[in-house]
Amino acid sequence: MPALVRWFAFGSHKKENTDLAPIVHDRMHGLIKEIYRTIPTCGASLISALLEALPFRTAKANIQVLFLQNVLKCLEYAGGIRREVLRMVLNHVIQIDVEVQVELEDLESDDEDEEEGEADTRVVNFEEEGVFQFDEDEDTGGRQTENKGDEEVVSDITDSDSESGSDSDSDSGSDSDSEAGSEIGDQDAAVLNAKAKLRVKKTVAKLDAIMSTVFAWLEKHFQIDPGTNEMPESTSQMFLQLLDLFNTVVLPTFMSRYTQFFLFYLCAKDAQYSDVFLGTMMGNVGDPVRTNVQERVSNVEKLAAASYLGSFVARAKFLSKQIVRNVMGVMVQWANTYIDWQEQQAKVPPSKEGLGNRIRSMSYGQAFGGPGTGSGSGSSQSLSADFEKHTVFYAVTQAALYMFCFRWRDLVETVDNGPVIESELDDLRWCQEVEGVQRIVFSKLNPLRACSSAVAQQFAMVASQTKFMFCYSVLQQNRRKNQEGDNSGARSVVASPEQVLRAELDTFFPFDPMALPVSRNFIDNIYLEWQDVGSSNNDDAVSDGSDGEDSDRENKNDEDDDENEAGVVGQMLAMSISPIIPLSALAGRTFDEQF
């Protein structure tokens, strides 16, 4: 097997006959297919050979693309190794994905220390559309030309710095050796920075080429059966395998930025896929009343699941209005039940009956602030913002607020389910699924202080513009507390492992816009871009009582947010978003069964 698999990259090198490559590949697949048919147990040997021959992530893009194309072709006749092959592909893609993000962060931190100058203007923004060339490594002539141009960029920096250095020497012969050494150091830093940016550019182009190859393969194999007008059973089974791999490979990886779009793309193929994905993410978040079973899921995975849930609903254009409302309803329900649990803990000491049983016996009318919640009693006075203690609550709340900012139009009751008239926002009627949001925002847990400041500011602006609620006063109070150095709230955790989770909560929005120019062609038509509320964003913020400085800060955060636009383990589990059935009773049922 290893000797046959090594031919999968034939034709990717300049000295190899590219015209013979398709013939060679077909013959290799024919031999492997016959071996697999004759010896069905050779699957392990085939997987081992594929892993051994897999190009390292630093290999050129055309080598990796050609090899992955042939690897995926093996699944046409070796279905028994499908899961292992898909795992290998996902692992390979996510390694490059993470490498890109690490390098970009390093460059951003370096750029923060540099002064703006001519050298900076020569460096392009690597996330602008059209920067990356898909055929960088596929065409030899194009590759040589591009490399020549890149070398000229580095050469220009070196030459310009050298000229400036020589001019300086001629004009001022009294310069000290230390100043000369500093100039040389600056030149070296500029060259190294240019080379680093060139390396990132090539790596991102490689990631784009690989991901577009996988997208093309998924598009080919995820097609509706014309006879039944449904996805074939085998295709749905493959989706469940990919979802399972997503749970184990992608979900725990916070640095992944683009790999998760494979699932985003597949969920648009069938409404049931979206249903199962949403249910799986909610299942990972778990019950607001913690049990020993649910504690086996770490806070890292719960936080990630909440982030995926909120970002998916916010960005998935193909989701129906009812699904958006259902997800919002269960998120709000979850948060309110968590608040009830905390209030009950503060009010009643644990007994033999067990706090979890008492909370689960409460009605959801109580959970939403109805009689018997004690939301207005003194019991909640002992609650306070504490990120380390309430990490998952803040993640769920942030997901709900993030969803509201993008999908508030789907949460408004309109005549005949028509579109919202955005010039008439004074008397909007909201669906019942958002009735508990006010209680969450103004609770003693103070989620606006713990959530990402960008999300909190954006939610306050959108909620104010739509007259849903007014919470600028909470933001102002939080800002004053932070300025005063109040260490009693959610930002008081010092030298705690939870600081890592806080950093991720501030920055992790997994379905931010796809910046890969080729791969994004598979995503653009199903992706929801940000839409401003009405035609004026400033009037509402100012009229709400915020001063000019606060408005400027809020608008700046709004601009930053726009720029940032920039199966299941064991068995498939899904949860419902029914407002009637307690969350603890939802495991093992799909969204459609519960909605």
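Quantities reported herein were computed from a predicted structural model and do not represent experimental measurements.

1. Quick word on the side chain of Arg82
With respect to the helices and strands, Arg82 occurs in helix 5 (residues 82-112). Those residues in contact with Arg82 that sit more than four places away from it in its chain are Leu75, Ser234, Gln237, Met238 and Gln241.

2. Quick look at the nonpolar core
By size, the foremost hydrophobic cluster in this structure holds 151 residues, and its most contacted members are Met331 and Phe459. A total of 13 residues in this core trace back to one element, the largest contributor, which is helix 16 (residues 391-407). Dropping the residues within four chain positions of it, Met331 is found in contact with Met282, Leu309, Val396, Ala399, Ala400 and Met403.

3. Quick look at helix 12 (residues 299-315)
In this model helix 12 runs 24 Å from its N-terminal to its C-terminal C-alpha over 17 residues, within 8% of the 24 Å that 1.5 Å per residue would give. Extensive coverage of helix 12 is indicated by the burial of 14 of its 17 residues.

4. Points about the side chain of Ser256
Mapped onto the elements of the fold, Ser256 is located in the loop between helix 9 (233-250) and helix 10 (261-267). Judged by its relative accessible area of 3%, Ser256 falls in the buried class. In this structure the side chain of Ser256 is engaged in a polar contact, spanning 2.6 Å, whose partner is the side chain of Gln260. Setting aside anything within four residues of it in sequence, one finds Ser256 in contact with Ile94, Asp97, Val98, Val250 and Phe508.

5. As for helix 20 (residues 472-483)
One full turn of an α-helix is made of 3.6 residues, so residues set three or four places apart face in the same direction. Between the first and last C-alpha of helix 20 there are 16 Å, a value that for 12 residues agrees with the 16 Å anticipated at 1.5 Å per step. The set of residues buried in helix 20 consists of Tyr472, Val474, Leu475, Gln476, Asn478 and Arg479.

6. Let's talk about empty space enclosed by the protein
The computed volume of the second largest cavity comes to approximately 80 Å³. Along its surface, the second largest cavity is lined by Leu72, Leu86, Val89, Leu90, Val214, Trp217, Leu218, Leu242, Phe262 and Leu266. Among the residues forming the lining of the second largest cavity, the class breakdown is 10 nonpolar, no polar and no charged.

7. Concerning the packing of helix 2 (residues 21-38) against helix 4 (residues 61-73)
For the pair helix 2 and helix 4, interaxial distance at closest approach is 11 Å and the crossing angle is 35 degrees. The chirality of how helix 2 crosses helix 4 is right-handed. Within the contact between the two elements, helix 2 uses His25, Asp26 and His29 and helix 4 uses Leu66, Asn70 and Lys73.

8. Examining the packing of aromatic side chains
The tally for this structure, following the rule as stated, stands at 32 aromatic pairs. Look at Trp430 and Phe468: their rings are 4.9 Å apart centre to centre, the planes differ by 65 degrees, and that puts the pair in the edge-to-face class. Residue Trp430 is located in strand 2 (residues 429-430), and its partner Phe468 is located in the loop between helix 19 (453-465) and helix 20; the two are separated by 38 residues in the primary sequence. Assessed through its relative accessible area of 9%, Phe468 is described here as buried. By the ring-pair criterion, three or more aromatic residues cluster together here, those being Phe246, Phe261, Phe264, Phe277, Tyr308, Phe312, Phe318, Phe511 and Tyr527.

9. Some thoughts on the confidence of the model for the chain
The predicted coordinates ought not to be read in detail in places where the model reports low pLDDT. Averaged over every residue, the pLDDT of the chain is 74; residues scoring 70 or more account for 64%. For residues 488-495, every residue scores under 50 in pLDDT, and the model assigns this stretch 19 contacts once sequence neighbours within four places are set aside. Contacts of residues 535-589 to residues separated by more than four positions or lying in other chains number 122 contacts, the stretch itself having pLDDT below 50.

10. Regarding the packing of helix 11 (residues 271-285) against helix 13 (residues 321-347)
Where helix 11 meets helix 13, the axes come as close as 12 Å, and the angle between the chain directions of the two elements is 5 degrees. Regarding the angle of helix 11 to helix 13, the classification is roughly parallel. The residues of helix 13 that touch helix 11, namely those facing Leu278, Met282 and Val285, are Ile323, Val327, Val330, Met331 and Trp334. Partitioning the contact of helix 11 with helix 13 into residue classes produces 8 nonpolar, no polar and no charged.

11. A look at the pattern of salt bridges
In a structure, side chains of opposite charge can pair up when their charged atoms sit close to one another. Scanning all chains against the criterion turns up 12 salt bridges. A salt bridge links Lys467 to Asp426; the nearest nitrogen and oxygen atoms lie 3.9 Å apart. Of this pair, Lys467 sits in the loop between helix 19 and helix 20 while Asp426 is found in the loop between strand 1 (412-413) and strand 2, placing the two residues 41 residues apart along the sequence. Sharing partners across several salt bridges, the network here consists of Asp340, Glu343 and Arg439.

12. Considerations on the environment of Tyr308
Tracing the backbone shows Tyr308 in helix 12. It is 8.4 Å that separates the C-alpha atoms of Tyr308 and Leu251, two residues lying 57 residues apart in sequence.

13. Examining unusual backbone geometry
Despite not being glycine, Asn229 has its phi angle at roughly 60 degrees, a positive value. If you check the backbone angles, Asn446 has positive phi at about 50 degrees while not being a glycine. With respect to the helices and strands, the residue Asn446 is situated in the loop between helix 17 (437-441) and helix 18 (447-450).

14. A look at the environment of Val65
Position of Val65 relative to the elements: it lies in helix 4. Given the relative accessible area of 6%, Val65 is considered buried. Residues Val65 and Ala209, spaced 144 residues apart in sequence, show a C-alpha to C-alpha distance of 6.8 Å. Ignoring any residue separated from it by four or fewer positions in sequence, one finds Val65 in contact with Ala209, Ile210 and Thr213.

What counts and how
- Residues numbered from 1 in each chain as written.
- Predicted model: local features only at pLDDT ≥ 70, side-chain atom pairs only at ≥ 80, totals over all residues.
- Heavy atoms only, no water.
- Helix = DSSP H or I, 4+ residues; strand = E, 2+ residues; numbered from the N terminus.
- Contact = heavy atoms within 4.5 Å.
- Core = buried A, V, L, I, M, F, W, Y, C linked by side-chain atoms within 4.5 Å.
- Buried < 20%, exposed > 50% of the residue type's maximum accessible area, 1.4 Å probe, protein only.
- Expected span 1.5 Å × (residues − 1).
- Polar contact = N/O pair within 3.5 Å; in protein donor to acceptor, adjacent residues only side chain to side chain.
- 1 Å grid on protein atoms, 1.4 Å probe; cavity = no way out; pocket = protein on both sides within 12 Å on 5 of 7 lines; lining within 4 Å.
- Points joined across faces, edges and corners; volume = space filled by probe spheres on them.
- Nonpolar A, V, L, I, M, F, W, Y, C, P; charged D, E, K, R; others polar.
- Axes fitted to C-alpha atoms, helices over the stretch in contact; angles between N-to-C directions.
- Left-handed = near helix turned anticlockwise from the far one by under 90°.
- Phe/Tyr/Trp six-rings, centres within 6.5 Å; stacked < 30°, edge-to-face > 60°.
- pLDDT = per-residue confidence, 0-100.
- Parallel < 35°, antiparallel > 145°, perpendicular 65-115°, else oblique.
- Salt bridge = Lys/Arg side-chain N within 4 Å of Asp/Glu carboxyl O.

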